[in-house]
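Coordinate analysis (summary)
These are the residues of each chain, in order.
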Amino acid sequence: MVQSKKTKLTVRDYMSIPDSDDRRFELIDGELILAPSPVTQHQRISRNLVRVLDEFVVSRNLGELFYAPMDVVLSEHDVFQPDILFISNSRLQIIGDRNIQGAPDLVIEVLSPSTEGRDRGIKLEQYLKYGVREYWIIDPENKTCEVLRAGDTTFETHRVYPEGTVATSPILEGILVEVERLFE
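In short, a report on the structure. (Residues numbered from 1 in each chain as written. Predicted model: local features only at pLDDT ≥ 70, side-chain atom pairs only at ≥ 80, totals over all residues. Heavy atoms only, no water.)

Glancing now at the nonpolar core. Counting residues in each nonpolar core, the largest one holds 25 residues, and the members touching the most others are Leu49, Leu53, Ile108, Trp136, Ile138, Cys145 and Leu172. Going through the elements one at a time, α2 (40-59), β6 (84-88), β8 (106-110), β9 (134-139), β10 (144-150) and α5 (179-182) are the ones with two or more residues in this core. Per-element accounting of this core gives the leading share, six residues, to α2. The contact partners of Leu49, leaving out residues within four places of it in the chain, are Ile84, Ile108, Trp136, Ile138, Val177 and Leu182. Listed in part, the 22 residues of the second largest apolar core include Phe66, Ile94, Leu124 and Tyr127. (Core = buried A, V, L, I, M, F, W, Y, C linked by side-chain atoms within 4.5 Å. Buried < 20%, exposed > 50% of the residue type's maximum accessible area, 1.4 Å probe, protein only. Helix = DSSP H or I, 4+ residues; strand = E, 2+ residues; numbered from the N terminus. Contact = heavy atoms within 4.5 Å.)

Dropping the structure here:
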């Protein structure tokens, strides 16, 4: 039996979705994925983390911080919307009028049951492939912040920070994130 090969969608196809469509999508390996609206806990965690990161980044003039929804175009077939992303001053040229054209320095995803498989699977692989240097995975269920650094062939765990500890970042040197405050 011969199976027909599924046509991969492109960035152009993705960008043709009408602005009037309030739904959020990501393009992952040419497949359009509906991203459900985050739940309240997810939004609180993102907000708490953005507050800490933004104060640190702005006070030290390190670059720019963005949060979802913001399209990050990684390839002709990959457009992701990370929960939070940081772009250093040396790479500000990847910031376009409508989206980010290339890999951010730091990407943060807050896990949810509907996205965990992608966040720890294909998205992690694609972030590494296209040059994300650091990847944080915030796990609301276990109340942890996992900081991963890009290695040659895989992301390597820098450290998993549980509640009661203070997370640090290899890229944002000097930042201190009280993990328990993320989950308030």
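From this point, the discussion proceeds with the structure in view.
The next point concerns the sheet that holds β10. Taken together, six strands build an open sheet; the order of strands is β3-β6-β8-β9-β10-β11 and the sheet is mixed. Two strands bound the open sheet, and with one partner strand each, they are β3 (63-67) and β11 (155-162). Geometrically, the sheet is characterised by an average inter-axis angle of 15 degrees between neighbouring strands, direction not taken into account. Looking at chain direction, β10 and β11 are connected through seven bridges and run antiparallel. Residue pairing in the sheet places Val147 in a bridge with Arg159 of β11. Those strands touched by α2 are β3, β6, β8 and β9, and its axis lies near 170 degrees from that of β3. (Pairing = 2+ DSSP bridges. Axes fitted to C-alpha atoms, helices over the stretch in contact; angles between N-to-C directions.)

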